[in-house]
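Descriptive structure summary
Chain residues, written in single-letter form:
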Amino acid sequence: EPEVTQTPSHQVTQMGQEVILRCVPISNHLYFYWYRQILGQKVEFLVSFYNNEISEKSEIFDDQFSVERPDGSNFTLKIRSTKLEDSAMYFCASRTLTGGPDTQYFGPGTRLTVL
Amino acid sequence: GQNIDQPTEMTATEGAIVQINCTYQTSGFNGLFWYQQHAGEAPTFLSYNVLDGLEEKGRFSSFLSRSKGYSYLLLKELQMKDSASYLCAVRSFTGGGNKLTFGTGTQLKVEL
């Protein structure tokens, strides 16, 4: 069964450093998403991406964040200058428009720790 | 804005049935999803409703009433492995991205 994959599984970085989180969505999916979950809190929407552009973003997704689909398979989230409060689990998700319940399927997540 | 409420914790016995409720207030409603999340892992899809009524999927069923802003997830024949957090999430089409807005999750503990 196809699945969303994410790398790395755990990223430790120093405050102020740039990080890039990588995702490979399910191959026939057309919508891509990033969510984050701070430890002990709820899953929060960051950004959605369709047809090579951002379709929606939340208040969390400020100028420090960017997304890119550099090729036909990868979808990345970049944080330019990390802050302590960026420490969270970051989930990538994807969905298709064709058939089924149009569900978003989540990757296993990247745990980002900012020191 | 979006507002989703679900109980924080529930406890049930192995083999029993448990119902997890979710109430929501939202604009641009476009479906309600239930996900299961084990600690430290990703949410995994369980069930989905876009129209009123009951959707059954094996041991899991979900119900939706759009007029009441209410849904529930029913888990039958509980197993120890069902101990997890159950997330109610509302999809909205306002903003164009069909994002999911999650509740805080209901931590279910299944006991012998």
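Residues numbered from 1 in each chain as written. Chains lettered and ligands numbered in written order. Predicted model: local features only at pLDDT ≥ 70, side-chain atom pairs only at ≥ 80, totals over all residues. Heavy atoms only, no water.

**Looking at the overall build of chain A**
Stated formally: Every helix listed is a DSSP run of H or I at least four residues long, and every strand listed is a run of E at least two residues long, numbered separately from the N terminus. Each radius of gyration is computed over the set of C-alpha atoms, and the globule rule expresses the reference value as 2.2 Å times the number of residues to the power 0.38. Summary of the burial criterion: residues with accessible area below 20% of their type's maximum are buried, those above 50% are exposed, and those between are partly exposed, where the area comes from a 1.4 Å probe applied to protein chains only. In what follows, residue pairs with any heavy atoms lying within 4.5 Å of each other are defined as contacts.
Each helix and strand in chain A was counted, giving 0 helices and 11 strands. Reading the helices (α) and strands (β) of chain A from amino to carboxyl end gives β-β-β-β-β-β-β-β-β-β-β. For chain A, whose C-alpha radius of gyration is 14 Å, the value lies close to the compact-globule estimate of 13 Å for 115 residues. A principal-axis box enclosing the C-alpha atoms of chain A has dimensions of 45 × 25 × 25 Å. Burial analysis of chain A (115 residues in total) assigns 46% to the buried set. Long-range pairs, those at least 24 residues apart, make up 54% of the contacts in chain A between residues at least 6 apart in sequence.

**A closer look at the sheet that holds strand E8 (residues 70–75) of chain B**
Residues and elements named next belong to chain B. How we decide: We treat two strands as partners when DSSP finds at least two bridges between them. Fitted lines through C-alpha atoms give the axes, limited to the stretch in contact for helices. The angle between two N-to-C directions lies from 0 to 180 degrees.
Spatial ordering of the open sheet is given by E1-E3-E8-E7-E6, a layout of 5 strands whose pairing is antiparallel. Looking at strand neighbours, the two that pair on one side only are strand E1 (3–5) and strand E6 (53–57), the edges of this open sheet. Ignoring strand direction, the axes of neighbouring strands in this sheet form an average angle of 15°. Direction of pairing for strand E3 (residues 18–25) relative to E8: antiparallel, over a ladder of 6 bridges. Bridging across to E8, threonine 23 finds its partner in tyrosine 70.

**A short note on the interface of chain A and chain B**
Rules: Values labelled buried area give the accessible surface lost by two parts on being combined, using a 1.4 Å probe and summing over both. Just to be clear on terms, a salt bridge is a Lys or Arg side-chain nitrogen sitting within 4 Å of an Asp or Glu carboxyl oxygen. For the purposes of these results, a polar contact is taken to be a pair of N or O atoms within 3.5 Å, where, inside protein, one atom must be able to donate a hydrogen and its partner to accept one; residues adjacent in sequence count only when each atom of the pair is a side-chain atom. Throughout this entry, Asp, Glu, Lys and Arg are counted as charged residues, while Ala, Val, Leu, Ile, Met, Phe, Trp, Tyr, Cys and Pro are counted as nonpolar. The remaining residues, Gly among them, count as polar.
Counting from both sides, the interface comprises 21 residues of chain A and, opposite them, 21 residues of chain B. Across the chain A/chain B interface, buried area totals approximately 1,600 Å², and carbon plus sulfur atoms make up 55% of it. Summed over the three residues of chain A that lose the most area to chain B, namely Lys42(A), Glu56(A) and Phe106(A), the buried surface amounts to 29% of that side. The interface formed by chain A and chain B holds 1 salt bridge in total. Between Lys99(B) and Glu56(A) there is a salt bridge; the shortest N-O distance is 3.6 Å. Where chain A touches chain B, the interface holds 4 residue pairs in polar contact (both at pLDDT 80 or more). Its residues assigned to classes, the side of chain A that touches chain B comprises 10 nonpolar, 6 polar and 5 charged.

**Thoughts on the confidence of the model for chain A**
A low pLDDT score tells you not to read the predicted coordinates there in detail. What counts here: Confidence scores labelled pLDDT are given residue by residue by the predictor and lie between 0 and 100.
Chain-level statistics for chain A give a pLDDT mean of 92 and a share of 97% at 70 or above. By mean pLDDT, strand E6 (residues 53–57) of chain A is the weakest element of chain A at 92, and strand E11 (residues 110–114) of chain A is the strongest at 98.

**So, the packing of aromatic side chains**
Working definition: an aromatic ring pair is given by the centre-to-centre distance plus the angle between the planes. All names here are of chain A. To keep it simple, the criterion reads: Between 30 and 60 degrees the pair is tilted, below 30 it is stacked and above 60 it is edge-to-face, where a pair is any two Phe, Tyr or Trp rings, Trp via its six-membered ring, whose centres lie within 6.5 Å. Here, a charge over a ring means that NZ of Lys or CZ of Arg falls within 6 Å of the ring centre while also lying within 35 degrees of the ring normal.
What the rule picks out here adds up to 23 aromatic pairs over all chains. Ring centres of phenylalanine 91 and phenylalanine 106 lie 6.3 Å apart, and the angle between their planes is 80°; on these two criteria the pair is classed as edge-to-face. Here phenylalanine 91 is found in strand E9 (residues 88–95), whereas its partner phenylalanine 106 is found in strand E10 (residues 105–106), with 15 residues between them in sequence. With respect to burial, phenylalanine 91 and phenylalanine 106 carry one shared label: buried. The cationic tip of arginine 95 hangs over the ring face of tyrosine 31; the distance from NZ or CZ to the ring centre is 4.0 Å.

**Some remarks on the sheet that holds strand E8 (residues 75–79) of chain A**
Backbone-to-backbone hydrogen bonds join strands into a sheet, with any given pair of strands oriented parallel or antiparallel. Residues and elements named next belong to chain A. Pairing within the open sheet is antiparallel, and its 4 strands lie in the order E1-E3-E8-E7. Among the strands making up the open sheet, the edge pair consists of strand E1 (5–7) and strand E7 (65–68). Neighbour-to-neighbour, the strand axes of the sheet open up by a mean angle of 20°, direction not taken into account. Direction of pairing for strand E3 (residues 19–24) relative to E8: antiparallel, over a ladder of 5 bridges. Opposite valine 19, over in E8, you have isoleucine 79 as the bridge partner.

**Brief notes about the pattern of salt bridges**
Throughout the structure, instances matching the rule amount to 6 salt bridges over all chains. Glu44(A) serves as the salt-bridge partner of Arg36(A), at 3.2 Å between the closest nitrogen and oxygen. Overall, the relative accessible area of 10% leaves Arg36(A) in the buried class. Note that Glu111(B) and Lys109(B) form a salt bridge whose closest N and O atoms lie 3.8 Å from each other. The class for Lys109(B) is partly exposed, based on a relative accessible area of 48%.

**Some remarks on the state of the cysteines**
Disulfides are covalent bonds that link the sulfur atoms of two cysteine residues. All names here are of chain A. Stated precisely, the cut-off is as follows: Disulfide assignment relies on a single distance test, namely cysteine sulfur atoms paired within 2.5 Å.
In total, this model carries 2 disulfides over all chains according to the counting rule given. Across the disulfide from cysteine 23 sits cysteine 92; the S-S distance is 1.9 Å. Every disulfide takes its handedness from the sign of the S-S torsion; for cysteine 23 and cysteine 92 that torsion is -65°, giving left-handed. On the criterion of sequence distance, the pair formed by cysteine 23 in strand E3 and cysteine 92 in strand E9 is long-range, its members being 69 residues apart. The pair cysteine 23 / cysteine 92 is uniform in exposure class, with both members buried.

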